[in-house]
Amino acid sequence: MTWNSIIAGHVQHGHEMIAFEIFEKMGDEGIAPDNITFSCIARACGIKRSLVQGRLIHNKFVLYGNHTDPYVGSSIINMYAECGSLEDAHEVFDKLPENNLVSWNIIIGEYVHRRHGLLALQLYEKMQQDGIDPDKVTFLCILKACGIVASAMSQQVNIIYDLIIRDGMEIDLFLASTLVDIYAKCGNLGAASNVFDRLSHRNSVTWNVMISGYAEQDEGLIALDLLEKMKLEDIKPEKSTYLVALKSCVSIGSILQGRLIHDEIIRTGLLKKNNSMLGNALVDMYAKCGAPTKAQDILDELTMRNIVSWNALILGYSKLGKVRRALACFCRMQTECLFPNEVTFTCILKACGMRGAIDKGKKIHDEIIIRDLLEKSPLLGTALVDMYAKCGVLEKAQEVLNDLSVRDVISWSALIVG
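In what follows, the accompanying structure is described. (Residues numbered from 1 in each chain as written. Predicted model: local features only at pLDDT ≥ 70, side-chain atom pairs only at ≥ 80, totals over all residues. Heavy atoms only, no water.)

So, the overall build of the protein
And then number 1: Broken down by element type, the protein carries 25 helices and zero strands.
And then number 2: Here the protein has a C-alpha radius of gyration of 29 Å; the compact-globule value for 418 residues is 22 Å, and the former is much larger.
And then number 3: Dimensions of the protein, computed from C-alpha atoms along their principal axes, come out at roughly 85 × 50 × 45 Å.
And then number 4: Within the protein, buried positions represent 48% of all 418 residues.
And then number 5: The contacts in the protein between residues at least 6 apart in sequence include a share of 59% that link residues at least 24 apart.
And then number 6: For the protein, the accessible surface area stands at approximately 21,100 Å², while carbon and sulfur atoms represent 54% of it. (Helix = DSSP H or I, 4+ residues; strand = E, 2+ residues; numbered from the N terminus. Rg over C-alpha atoms; globule rule 2.2 N^0.38 Å. Buried < 20%, exposed > 50% of the residue type's maximum accessible area, 1.4 Å probe, protein only. Contact = heavy atoms within 4.5 Å. Areas by Shrake-Rupley, 256 points an atom, 1.4 Å probe, with all protein chains shown as cover.)

Following this line, the structure appears as structure tokens:
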């Protein structure tokens, strides 16, 4: 009992290597480890992510005959899962004469963690066939699995929700947030709203999940309305809330609403915390809502500028036909040692085509070739065809089209229009 307490204490306080040494010393003194010893030392292997050490310990489990015990077996499965070896974990799981709820939850949870949603759901069905009743952990795992394969899982989520209600299980905030999130991912916003409305208490997490769900389904007006209701309940929006709100402003094309949210963000002081994500979101919102000059003002004030915000600004100017501004942003971005990506090149080629800037377009074409981007991006090939066609250089447009490994109706249309 004393040995187990010492080993467990060291594992609990992050001294795994000392726990291993004590375990070895225990064996040297001829003291046989029991189930608790093995579970503690397996936990230490999992924390250290030491697969080699874990396999050595597993062999000792087998040597002492403890490996068939469900309690120890669950510890081994968990150890292998934490060490990143799903194959070893599943092999131990299959060889156990009897699996308990803990081992089922571990193996299902690991498949969910690896985003193997269908396999996790299949295991859940087998678990039920074996007569094991799920608990809250199981339901959370399965709801996440449904979210991974959301295309046809709304009905499955309904079944799980009914089981939770039937078993009288308390729907806490975490479980409720998961339910709302999965329903939203499945496109069933009505069911998500139903779970949300039944909650007697809601926190920032559940509100954020609900607002995000509507925003992801392009229901920007409802998302923004929920934001106002959230504030009426004296729950302060977080950075993630504002990011979703700005995205919703873009989806409904409301620069007025975007400005109100911008003012609110300034009042909270979030922008002063070197928050590049919020700054980029504001640049994106203003650029896509037709105010690229305001977007540039915000970009200029950011201490950290990245390719995402520059792309949004270049696209915003291009859409409004302000080609000189777009080209100026393209050049300035490169002076800040930010290299253009596929989106940047596509936007700037569009600007060149609109202005008839063939010389600049050719230089960009050369840069794309040097970076060997055409093979990786059919979109860039189409943008080049479109640029040359709009600049009246039809022979070059035809040549680019002929060299494309993939030609689609869009690239052909660009040439025909030219």
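Quick word on the packing of helix α22 (residues 358-370) against helix α23 (residues 378-390)
And then number 1: Between α22 and α23, the least distance of the axes is 11 Å, while the angle of their chain directions is 160 degrees. Looking at the two axes, α22 sits roughly antiparallel to α23. Handedness of the α22/α23 crossing: left-handed. Touching I358, G361, K362, H365 and I368 of α22 are L380, L384, M387 and Y388, all from α23.
And then number 2: Along the lines of polarity and charge, the residues of the contact of α22 with α23 split into six nonpolar, two polar and one charged. (Axes fitted to C-alpha atoms, helices over the stretch in contact; angles between N-to-C directions. Parallel < 35°, antiparallel > 145°, perpendicular 65-115°, else oblique. Left-handed = near helix turned anticlockwise from the far one by under 90°. Nonpolar A, V, L, I, M, F, W, Y, C, P; charged D, E, K, R; others polar.)

Looking at the layout of surface pockets
And then number 1: Taken as a whole, the largest pocket encloses approximately 340 Å³ of empty space.
And then number 2: Lining the largest pocket are 17 residues, with L271, K272, I298, E301 and L302 positioned closest to its centre.
And then number 3: Elements represented by at least two residues in the lining of the largest pocket include exactly α16 (255-268), α17 (276-288) and α18 (292-301).
And then number 4: Among the elements that take part in the lining of the largest pocket, α18 stands out by supplying four residues, more than any other. (1 Å grid on protein atoms, 1.4 Å probe; cavity = no way out; pocket = protein on both sides within 12 Å on 5 of 7 lines; lining within 4 Å. Points joined across faces, edges and corners; volume = space filled by probe spheres on them.)

Quick notes on the pattern of salt bridges
Side chains that differ in charge, positive against negative, can pair when their charged atoms come close.
And then number 1: All chains considered together, the criterion is met by 17 salt bridges.
And then number 2: Of the charged contacts, one joins D88 and R55 as a salt bridge, the two residues approaching to 2.6 Å between their closest N and O atoms. Residue D88 is located in helix α6 (residues 86-95), and its partner R55 is located in helix α4 (residues 51-64); the two are separated by 33 residues in the primary sequence.
And then number 3: The class for R55 is partly exposed, based on a relative accessible area of 37%.
And then number 4: Note that E367 and R371 form a salt bridge whose closest N and O atoms lie 3.0 Å from each other.
And then number 5: The class of R371 is partly exposed, set by a relative accessible area of 27%. (Salt bridge = Lys/Arg side-chain N within 4 Å of Asp/Glu carboxyl O.)

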